[in-house]
Amino acid sequence: MSLVLDPAAQDLLFREAHTANAFTDEPVTEEQVQAIYDLVKFGPTAFNQTPLRVTLVRSAEARERLVQHMAEGNQAKTATAPLVAILSADNEFHEELPTLFPAFPQAKDVFFAERPAREGSATLNAALQAAYFIVGIRAAGLAAGPMTGFDAEGIRKEFLDDDHTPLIVVNIGKPGDGASYPRSPRLSYEQVFTTV
């Protein structure tokens, strides 16, 4: 094969990994979450911006508040997952650019002075970071259940503020019995790639 990554790691991260809909009751520790972030924070983004913000929902009270904003099909699994994370985009990420992108600290004002430009960039780059986060969850030997079926405005009002846009809610834990559906088809290389 042409890949350097060990086949077992390839399986863990991609081939054998599935979206989880059911979990065991084994807790997800703060140490595990920090280890995940300490790995995935190195994923590339434009201008090294870091717009992803993660709200960990651990308390029973917060979980109840979150579940009411989830689509009906996502409520039960969100109520019972060991850990739930709300992934959002910080639309004021540009304030950190002078530190995060010292090669061109003026990027903050040159490219991101206007809110619409920040929102578009925050959404794109936070989505990239969210994908890295999901792969990091798998690297920790856990399963992720990412969902976009929720009332975004309700979650924003309940847990965030006007400067944050909710993107994905992710259930996290060890997969339980019947955690995933059979693998769905994927497009072939020929269907995706074009050489010019």
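Residues numbered from 1 in each chain as written. Predicted model: local features only at pLDDT ≥ 70, side-chain atom pairs only at ≥ 80, totals over all residues. Heavy atoms only, no water.

## Considerations on the pattern of salt bridges
The condition is simple: One side-chain nitrogen of Lys or Arg within 4 Å of one carboxyl oxygen of Asp or Glu is enough to make a salt bridge. By the criteria applied, helices consist of DSSP H or I runs no shorter than four residues and strands consist of E runs no shorter than two, each listed in order from the N terminus. Per-residue accessibility, obtained with a 1.4 Å probe over protein chains only, is compared with the maximum for each type, and a residue is labelled buried under 20%, exposed over 50%, and partly exposed between these values.
If you walk through the whole model with that rule in mind, you get 14 salt bridges. One salt bridge connects D11 with R15, and the closest N-O pair in it is separated by 2.8 Å. Remark: R15 and D11 occur in helix α1 (residues 7-15); sequence separation between them is four residues, near one turn of the helix. For R118, the salt bridge goes to E92, with nearest N and O atoms at 3.0 Å. Of this pair, R118 sits in helix α7 (residues 115-139) while E92 sits in the loop between β2 (83-90) and α5 (97-100), placing them 26 residues apart in sequence. Looking at E92, the relative accessible area reads 21%, which means it is partly exposed. Overlapping salt bridges, with partners in common, bring together E92, R115, R118, E119 and D163 in one network.

## A short note on the side chain of Q49
Put simply, the rule reads: Residues are treated as being in contact if the distance between any of their heavy atoms lies within 4.5 Å.
Among the secondary structure elements, Q49 is positioned in the loop between α2 (30-40) and β1 (52-57). Judged by relative accessible area, which is 1%, Q49 ranks as buried. Contacts of Q49, omitting those with residues within four sequence positions, involve F93, L97, F112, S121, A122, N125 and Q129.

## A short note on the nonpolar core
To keep things clear, this is the line we draw: The term nonpolar core refers to a set of buried residues drawn from Ala, Val, Leu, Ile, Met, Phe, Trp, Tyr and Cys, joined through side-chain atoms within 4.5 Å.
Core analysis: the biggest nonpolar cluster contains 25 residues, and L87, F133, I137, V170 and I172 have the highest contact counts within it. Taken together, the elements giving at least two residues each to this core come down to α2, β2, α7 and β4 (164-173). For this core, the element with the most residues is α7, which contributes six residues. Excluding anything up to four places from it in sequence, F133 contacts I36, V40, A85, L87 and I172. Counting 17 residues, the second-largest nonpolar core is a separate cluster that includes A62, M70, I86 and M147.

## What about the packing of α2 against α7?
The following threshold applies: Geometry is summarised by axes, namely lines fitted to C-alpha atoms with helices restricted to the contacting stretch, and by angles between N-to-C directions that run from 0 to 180 degrees. The cut-offs work like this: below 35 degrees is roughly parallel, past 145 is roughly antiparallel, 65 to 115 is roughly perpendicular, and the gaps in between are oblique. Two helices that cross are described as forming a left-handed crossing if the nearer one is turned anticlockwise from the farther one by less than a right angle, and a right-handed crossing if clockwise.
Two elements in contact, α2 and α7, have axes separated by 9 Å at closest approach and are oriented at 125°. Comparing the axis directions of α2 and α7 gives the class oblique. Every pair of crossing elements has a handedness; the one defined by α2 and α7 is right-handed. Across the interface between the two elements, I36, L39 and V40 from α2 touch Y132, F133, G136, I137 and A139 from α7.

## Thoughts on unusual backbone geometry
Phi angles above zero are rare outside glycine, and F47 is one such case at about 60°. F47 gets classed as partly exposed once you look at its relative accessible area, which sits at 25%. One non-glycine residue, N48, lies in the positive phi region at around 55°. Relative to the helices and strands, N48 is located in the loop between α2 and β1.

## Focus: the environment of L97
Within the element layout of this structure, L97 appears in helix α5. Put simply, L97 and T194 are 97 residues apart on the chain and 35 Å apart in space, counted from C-alpha to C-alpha. If we ignore the near neighbours within four places in the chain, the residues touching L97 are F47, Q49, P102, A107, K108 and F112.

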